[in-house]
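Architecture at a glance
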Amino acid sequence: MPRALISVSDDGFTYTTLNGATSRYSDTGQAITYLGDYAKATETPLTVTIDDGTKTTEIGIDATGRVGAAPKQDTTAEDVAGESSTASAARGSVDGSTDSSAESTGQTGHSENADQSTNGQAAGGQNGYAAQDDSAGSNGDSYPMGTPFSGPAAPATPTVKKTPVRKRSARNRPQRLKKITVPGLVLIGLAILMIGAFVVPNIVPVDSPDTPQTIGSEQQVNPASELSVDKTKDIVPSYDNSPTWEAKVPKRASVTASDRGVLLVNDNRLEVLDADTGKSRYKTKIDESPTFAVDTVIDGQPALLWQSGNTAEALFDGESEPKSYQLPEKARITSAGKSVLIKSGNKLSTFGADGLENVPTPQAGSTPMAIDNDELFSSDWNGPVTAKNIKSGEERSIDLESPGDELKIIDWISAGHGKAITLWGEQGASTNSGHRIQLVVHSLEDGSILSTVTTTTDIVGEKSWVRGQAGERAYIGPYLFDLESGLLLMDVSSRDIHLSEPRGSIVPCTMDTNTSCLLAGKQAFKTDTDLLAVVDKGNEALVLGDDSTVRAYPKKSETQDR
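About the cut-offs
Residues numbered from 1 in each chain as written. Predicted model: local features only at pLDDT ≥ 70, side-chain atom pairs only at ≥ 80, totals over all residues. Heavy atoms only, no water. Core = buried A, V, L, I, M, F, W, Y, C linked by side-chain atoms within 4.5 Å. Buried < 20%, exposed > 50% of the residue type's maximum accessible area, 1.4 Å probe, protein only. Helix = DSSP H or I, 4+ residues; strand = E, 2+ residues; numbered from the N terminus. Expected span 1.5 Å × (residues − 1). Disulfide = S-S within 2.5 Å. Phe/Tyr/Trp six-rings, centres within 6.5 Å; stacked < 30°, edge-to-face > 60°. Lys NZ or Arg CZ within 6 Å of the ring centre and 35° of its normal. Salt bridge = Lys/Arg side-chain N within 4 Å of Asp/Glu carboxyl O. Pairing = 2+ DSSP bridges. Axes fitted to C-alpha atoms, helices over the stretch in contact; angles between N-to-C directions.

Considering the nonpolar core
By size, the foremost hydrophobic cluster in this structure holds 18 residues, and its most contacted members are Leu 423, Leu 439, Trp 465, Ile 476, Tyr 479 and Phe 481. At the level of secondary structure, the elements contributing two or more residues to this core comprise strand 26 (408-416), strand 27 (419-425), strand 28 (436-443), strand 29 (449-456), strand 31 (473-476) and strand 32 (479-482). Examining the composition of this core, we find that three residues originate from one element, strand 28, more than from any other. Counting 17 residues, the second largest nonpolar core, distinct from the first, contains Ala 253, Leu 264, Ala 275 and Ala 533.

This is the structure we're talking about:
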């Protein structure tokens, strides 16, 4: 069986060696596409070795171009070594270097954040992971391509149009949080989707609840011209200026908040305040600062979870002491879904009330993406999505409705919280090709389209899906969505407004380069308020003041609003 080698180089490109010839591609997905085309055209199955400079992984491509696990066969070390030296020489001739060390960034697919950095940008936990070597105990369950937890493996669809290669976004590069800064860790993946928070009118013109929403670029659902910029005397728009409680915090402390609590980290101290009263729920000394924190659900119980090194702590509602978990070595965790998914090598697990619980691995060629309501969602590139109950083993298949006869999935953005977010385009389109594409939000309940937005790869092709605190809003680029319904709420692409991680239904933003604002409904209010969270089903807004004090402001009554 012919053998091909894919190598990821320091210059950010991927090199493919086949039959003695070496070609360069912008990422591993394009390389796999080429090899899939070759296998299909010649009706020749291939064994492919993927080498990122530190480890190698083998996959198989059958005669139809479909990607799967590598077939069992005898292969000498000289075969691989010969191809490695050829690819190394080819890289040296192109980039002037023979250094074969590489970032594991050539994987396709991506997501909004799982691990998230302190400024709301996605970090490595959810952006993607390099292909892992098959372990002895994996029983063939491997994930040779793609970025686990963000999207399924790369497709085998032919590229019919060559386009200029653009530098890949840092979003696809595995990262880790280095330190916590105010407002600190981003708490995401919340247990319960709040229904009411702030006043956001229904501005989505749909004929009926069953009618999917389609928005063309020339006729947006909420044109930026409808967005007004206003001033406000309120600390938080539509909330009273008299706090219900306040609590002093250390001046240099990292502060972040959610319904599960206010997390304070200062030097070697960690403390959790009750979000309803501001009183201390838990405090302890720590050896290292948390690198990940999230509101989540563990066996049906809401909890605040944080990770420090190889240890995770979960403080359940009503408890004064957290439960400690020992994480597997080099574990990657993501909260793309309502529950946290842990990957170590090719093994999957999640948090349980009594400890870590094993999660069944999906079939080879599929990528695990998220856990919602005890269901693991996984898929190959083009679907269907498989939902498998991690407790009962029951499985169902979800066919994603196509937004057009000639359109195919060109990238997975995110999955979880009942939604799948994908980019669709015509044959030959890619995330940086400059094509007009469809941004599609599907229901993970039945695969139906909830909304589609006609856009371009320049606008969203290299952007992340950012899911906000309280699980009510999410955005990608200039598009703000209602996370519960999946419908588009706002398009700010024609205004100089940049969105940040939503707090409930209020979205911090910047306008005119450096003016801070809070976006609520169709209004952007100019304000320097450091909004930490909107809690208690929208009835309270938590704010960090300049005097190092966290204050809770109650929502105004309807009479006060008028």
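So, unusual backbone geometry
Of note in the backbone geometry, Ser 238 takes a positive phi value of approximately 75° without being a glycine. Here Ser 238 lies in the loop between strand 8 (228-231) and strand 9 (245-248). In the Ramachandran plot, Asn 373 falls in the positive-phi region, its phi being about 50° despite a non-glycine side chain. Along the chain, Asn 373 turns up in the loop between strand 22 (367-372) and strand 23 (375-379).

Regarding helix 1 (residues 28-42)
In a regular helix each residue adds 1.5 Å, so 15 residues correspond to 21 Å; helix 1 covers 21 Å between its end C-alpha atoms and thus fits that length. Here helix 1 has its buried residues at Thr 28, Gly 29, Ala 31, Ile 32, Thr 33, Leu 35, Gly 36 and Ala 39. Two residues or fewer past helix 1, Glu 43 is found with a positive phi of approximately 55°.

Here's the deal with the state of the cysteines
Per the stated rule, a full pass over the model turns up one disulfide. Between Cys 509 and Cys 517 runs a disulfide, and the two sulfur atoms are separated by 2.1 Å.

A few points about the packing of aromatic side chains
Under the criterion given, the structure shown has three aromatic pairs. Residues Tyr 325 and Phe 351 carry aromatic rings whose centres are separated by 4.9 Å and whose planes lie at 80° to one another, so their mutual orientation is edge-to-face. With Tyr 325 in strand 17 (residues 323-326) and Phe 351 in strand 20 (residues 347-352), this residue pair connects regions lying 26 residues apart in the sequence. By the burial criterion, Tyr 325 is buried, and Phe 351 matches it. Measuring from ring centre to ring centre gives 5.4 Å for Trp 465 and Phe 481, while their planes differ by 50°; the resulting arrangement is tilted. Placement of Trp 465 in the loop between helix 4 (457-460) and strand 30 (466-467) and of Phe 481 in strand 32 is noted, with a sequence separation of 16 residues between them. On the accessibility criterion, Trp 465 (1% relative accessible area) is buried. Judged by relative accessible area, Phe 481 falls into the buried class, the value being 1%. Of note, Lys 323 hangs over the ring of Tyr 325, and the distance from its end group to the ring centre comes to 5.5 Å. Note that Lys 555 overlies the ring of Tyr 239, its terminal NZ or CZ placed 5.4 Å from the centroid.

Here we look at the pattern of salt bridges
Overall, the coordinates contain twelve salt bridges when judged by the stated rule. Glu 58 serves as the salt-bridge partner of Arg 3, at 2.7 Å between the closest nitrogen and oxygen. Taken together, the residues span a long stretch of sequence, with Arg 3 in strand 1 (residues 3-8) and Glu 58 in strand 5 (residues 56-61) at a distance of 55 residues. Using a relative accessible area of 10% as the deciding quantity, one classes Arg 3 as buried. Assessed through its relative accessible area of 30%, Glu 58 is described here as partly exposed.

With respect to the sheet that holds strand 21 (residues 355-359)
If you walk across this open sheet you meet the four strands as 18-19-20-21, and the pairing is antiparallel. Edge strands, defined here as strands with exactly one partner in the open sheet, are strand 18 (332-334) and strand 21. Taken over all neighbouring pairs, the strand axes of this sheet differ in orientation by 30° on average, direction set aside.

Digging into the sheet that holds strand 35 (residues 507-511)
With mixed pairing, the five strands of this open sheet are ordered in space as 8-37-36-35-34. On the outer flanks of this sheet lie strand 8 and strand 34 (497-499), each paired with one strand and no other. Strand-to-strand twist in this sheet, taken as the mean axis angle between neighbours without regard to direction, amounts to 35°. Relative to strand 37 (residues 523-526), strand 8 runs parallel, the two being bridged by four bridges.

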